[in-house]
Every structure is written in C-alpha cells, then in structure tokens.
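Spelled out, the chains give:
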Amino acid sequence: MEWSEEWQMLFNSEKCHILHLGHRNARFEYTMGGRVLEAVDSEKDVGILIHKSLKPSLQCSKAATRANQVLGQLARAVGWRDKNTFLKLYCVYVRPHLEYAIQSWSPWLAQDKGVLEKVQRRALMMVSNMMGKTYAQRLLEANMTILEARRVRGDLIQMYKKMTGKDDVSP
C-alpha cells in the first residue's frame, strides 16, 4: 500500500479479493487500506476462472456455455450448413472459446473433457451433409480430431518451443 500511494497508483480495495487455496489454509482475514478484503471461492484472472480447489471444472463449464451460445447463433444465422463452410465458421468462432489459454487450465477430469467435447459433437451433428454417421466418422470426414488430441498437440508444440529455445521461459 505504501508503494502504491508513493507512486500514486492506488489499488481499488473493493475490487481486490482473497482466494484461499488448500485444505489446511488458516483462512486469515486481510486488510487493504483499512478495509477487510472479501474471501471468494473463485476469481477470474486474464479471462480464466480459478477455483479454490484448483480444478478447472468451473472454467470448462463457462467455456462450454459460451461456445454453445456462439454455436447457437451460428446455427440460427446459417440455413444450409454444408461441411466446408459451417466447419470453417465453427473453427473460427466457436473453437477459440473452448481452447482459450488451454495450457494453463487443461482439464484432467473425464466429466470436464466431456463437457468441452460435447460442444464439438453438437457442431458436427449440425452439418447438413453428414447425417446418419457416428461421431468418429464425422470427425474423419471433416478432417478433425477430438479436442483432447488438439490439447496434447498444443502441449507438445509448447514443450518443443521451450526445449529448442524458441520460447524463452525462465525455469
């Protein structure tokens, strides 16, 4: 607080919260500028929801909800959903909601992975000229992979960048 006052970069204490992590946390009260800070169960930082349990379930459900909303808008806006056009629209407008900063909150629970995959499954079901096929057949015909395979690929690319010095990250 002294530093912020000296440099005239004041904190808004009403926007500051405490996120207690861990089961053995004593959950002390903290003050800022004479005001007791509010303890919360989850907090959003750079667009990512962080829960006190550190599980990504809340982020997964929020991402899937937003992606489903955008997918619904696409479905209402596009009458004939042919494979090439609709899947390009899906990749541009919907999938970024499912993959935003995924390396930092990558889901590990089967239910969280299922919530995200359900959006892609729904999108492929909407394609007009792929009726009567299984999800695996639709993925193959659309030249797409499941979202978990995309996450693993992204992790491998990021690790390659770190190991070859293309991404300078201090250990």
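Everything below is about the structure shown above.
Model, not experiment: these values are computed from the prediction.

Colleague: Just give me the short version of a nonpolar patch on the surface, but keep the residues and values in it.
Modeller: Judged by side-chain polarity, Trp3, Trp7 and Met9 come together as a nonpolar surface patch covering roughly 400 Å² of accessible area. Secondary-structure assignment places Trp7 in the loop between α1 (2-6) and β1 (17-19). Taking the relative accessible area as the measure of exposure, Trp7 reaches 53% and is therefore exposed.

Colleague: Before we move on, could you go through the environment of Ile48 and cite the residues and values that matter?
Modeller: If you trace the backbone, Ile48 turns up in strand β6 (residues 48-51). Counting along the chain gives 53 residues from Ile48 to Ala101, while the straight-line C-alpha distance between them is 7.8 Å. Other than its neighbours up to four places away in sequence, Ile48 contacts Glu43, Gln59, Tyr100, Ala101, Ser104 and Trp105.

Colleague: Explain the pattern of salt bridges to me, and be specific about the residues and the numbers.
Modeller: Within this structure, the stated rule accounts for 5 salt bridges. Its salt-bridge partner being Lys83, residue Glu141 comes within 3.8 Å of it at the nearest N-O pair. Of the two residues, Glu141 is situated in helix α6 (residues 135-141) and Lys83 in helix α3 (residues 83-99); the sequence distance between them amounts to 58 residues. Accessibility expressed as a relative area gives 29% for Glu141, which makes it partly exposed. Among the residues examined, Lys83 registers a relative accessible area of 22% and is labelled partly exposed. For Arg150, the salt bridge goes to Glu99, with nearest N and O atoms at 2.6 Å.

Rules used in this analysis
Residues numbered from 1 in each chain as written. Predicted model: local features only at pLDDT ≥ 70, side-chain atom pairs only at ≥ 80, totals over all residues. Heavy atoms only, no water. Patch = residues over 30% accessible without salt bridge, like charges linked within 9 Å, V, L, I, M, F, W, Y side chains within 5 Å. Areas by Shrake-Rupley, 256 points an atom, 1.4 Å probe, with all protein chains shown as cover. Salt bridge = Lys/Arg side-chain N within 4 Å of Asp/Glu carboxyl O. Helix = DSSP H or I, 4+ residues; strand = E, 2+ residues; numbered from the N terminus. Buried < 20%, exposed > 50% of the residue type's maximum accessible area, 1.4 Å probe, protein only. Contact = heavy atoms within 4.5 Å.

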